[in-house]
Amino acid sequence: MTDTSLPFEVRHSPIQGFGGYATRPIAAGTRIVEYAGERLTPEAAEARYPDVIGERHHTYLFAIDDEVVVDAAVNGNEARFLNHSCAPNCDAVFDDGRIWIDAIHDIEVGEELVYDYAYILPERHTPAAKKRFPCFCGAITCRGTILAKKR
Ligand SMILES: [Zn+2]
């Protein structure tokens, strides 16, 4: 299931479903993997996954900007299994219209690779909205939601 050229493997995670775990040491600043997938307009993504109010949001969508959304459920790779954490060791980096997962700390073998999803909703990030996007990362600094801090 995992591409062995990658420095991590995908297996069950205590956070949620699957997660990515380092199979060799990864130095801070390393470009680990592209967040690959089908490129859609936001309108096409919305049509594919109409939001059901009150339901927990769960897709592999990642917005690059106002015009392009990547759907990793189609032609995606192992990057889609990386979980969110409020105390991440990776970050999602936008570079020339593509999304990359870069290490922001030195990562040891066996450590789970996590980054801050920092979702931004079109609506205000009210307590109710945050409840629809809960976080169970367990970090001391956990903010209780995978939504971005701002707004
Ligand atoms: Zn958290």
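Definitions and limits used
- Residues numbered from 1 in each chain as written.
- Predicted model: local features only at pLDDT ≥ 70, side-chain atom pairs only at ≥ 80, totals over all residues.
- Heavy atoms only, no water.
- UniProt positions renumbered as here; feature names shortened; annotations may be inferred.
- Core = buried A, V, L, I, M, F, W, Y, C linked by side-chain atoms within 4.5 Å.
- Buried < 20%, exposed > 50% of the residue type's maximum accessible area, 1.4 Å probe, protein only.
- Helix = DSSP H or I, 4+ residues; strand = E, 2+ residues; numbered from the N terminus.
- Contact = heavy atoms within 4.5 Å.
- Pairing = 2+ DSSP bridges.

Per an unreviewed UniProt entry, the recorded name for the protein is SET domain-containing protein-lysine N-methyltransferase, and the organism is Gemmatimonas groenlandica. Check the Subcellular location (unreviewed entry) section of the UniProt entry for the protein; it says "Chromosome".

Enquirer: How should I be thinking about the nonpolar core in this particular structure?
Expert: Soluble globular proteins: nonpolar side chains tend toward being buried together. With 23 residues, the main nonpolar core has F8, I32, Y35, L113 and Y115 as its most contacted residues. Counting only elements with at least two residues in this core, the list comes to β1 (8-12), β3 (31-34), β8 (90-95), β9 (98-103) and β10 (112-115). Element by element, the count of residues in this core is highest for β9, at three residues. Non-local contacts of I32, meaning those with residues more than four positions away in its chain, are made with L6, P7, F8, I26, C90, I101, D102, A103 and L113. Core analysis: the second largest hydrophobic core is formed by 10 residues, L121, F133, C137 and A139 among them.

Enquirer: Just to check I follow, could you spell out the pairing of β9 for this structure?
Expert: For a regular strand, side chains alternate in direction, first toward one face of the sheet and then toward the other. Buried residues dominate β9, accounting for five of its six residues. Two strands pair when backbone bridges link them, and β3 and β9 are joined in this way by three bridges, in the antiparallel orientation. Each residue of the ladder has a partner; that of V33, found in β9, is I101. In this structure, β8 lies alongside β9, joined through six bridges in antiparallel fashion. Along β9, the bridge assignment pairs V93 with W100. A loop of two residues connects β8 with β9, the two strands running antiparallel in sequence, and D96 in this loop sits at a positive phi of about 55°.

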